[in-house]
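# Secondary and tertiary structure notes
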Amino acid sequence: MSDNIPPTNGYRDVLVTFVNSPNPTRYRVYESMYDRAKDVFYNSDSKFRFIVAYEWYVTTKKDGIDYWVVADEKSYLNMENICSMRVIGRNNGR
């Protein structure tokens, strides 16, 4: 199985606002990556600087309706470029 598959369990959907953009971007991150991001935000001595995320994008299906889908490609988010991260959905795998 490829490691380039977005999480379907144990994830958080988040809106990320970067320091260079006023518009938030929607991502799906593993629960462990969300915990890593919190560690960076609240612990200035954190050794982590990047988290792995999967960006959401809008696609139009044959029925003409736009749908949000999660990209298969990983994004590596530099925590130094993030000014806020807000949880908008979750699945804790239970």
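Here we summarise the structure given alongside this text. All values derive from a computational prediction rather than experimental measurement. (Residues numbered from 1 in each chain as written. Predicted model: local features only at pLDDT ≥ 70, side-chain atom pairs only at ≥ 80, totals over all residues. Heavy atoms only, no water.)

Our next topic: the environment of Arg90. Structurally, Arg90 is set in strand β6 (residues 82-91). Remark: the alpha-carbon pair of Arg90 and Gly10, spanning 80 residues in sequence, is separated by 7.5 Å. Residues in contact with Arg90, not counting those within four places in the same chain, are Tyr11, Arg12 and Glu31. (Helix = DSSP H or I, 4+ residues; strand = E, 2+ residues; numbered from the N terminus. Contact = heavy atoms within 4.5 Å.)

Here we take up the nonpolar core. Core analysis: the biggest nonpolar cluster contains 19 residues, and Val16, Ile51, Leu77 and Met85 have the highest contact counts within it. At five residues, the largest contribution of residues to this core is made by strand β3 (residues 50-60). For Ile51, the contacting residues outside a window of four places in its chain are Val29, Met33, Arg36, Ala37, Ser75, Tyr76, Leu77, Met79 and Met85. (Core = buried A, V, L, I, M, F, W, Y, C linked by side-chain atoms within 4.5 Å. Buried < 20%, exposed > 50% of the residue type's maximum accessible area, 1.4 Å probe, protein only.)

The next subject is the pairing of strand β5 (residues 75-78). Because side chains alternate across β5, one face comprises the buried residues Ser75 and Leu77, and the other comprises Tyr76 and Asn78, none of which is buried. Bridging between β3 and β5 involves four bridges; their strand directions are antiparallel. Along β5, the bridge assignment pairs Val52 with Tyr76. (Pairing = 2+ DSSP bridges.)

This paragraph deals with the pairing of strand β1 (residues 11-18). Among the eight residues that make up β1, eight are buried, leaving the element largely enclosed by the rest of the structure. Side chains Tyr11, Asp13, Leu15 and Thr17 project from β1 onto one buried face, and the interleaved Arg12, Val14, Val16 and Phe18 project onto a second face that is buried too. Judged from the six bridges that link them, β1 and strand β2 (residues 25-30) form a sheet pairing that is antiparallel. Residue pairing across strands places Arg12 opposite Val29, the latter belonging to β2. Looking at chain direction, β1 and β6 are connected through eight bridges and run antiparallel.

Scanning all chains against the criterion turns up two aromatic pairs. Ring centres 6.4 Å apart and planes at 75 degrees place the aromatic pair Tyr30 and Tyr54 in the edge-to-face group. With Tyr30 in strand β2 and Tyr54 in strand β3, this pair connects stretches of sequence that are 24 residues apart. A residue is classified by how much of its surface remains accessible, and Tyr30, at 31% relative accessible area, is partly exposed. In this structure, Arg28 packs its charged tip against the face of Tyr11, placed 3.7 Å from the ring centre. Here the basic side chain of Lys61 rests over the ring of Tyr67, its NZ or CZ set 5.9 Å away from the ring centre. (Phe/Tyr/Trp six-rings, centres within 6.5 Å; stacked < 30°, edge-to-face > 60°. Lys NZ or Arg CZ within 6 Å of the ring centre and 35° of its normal.)

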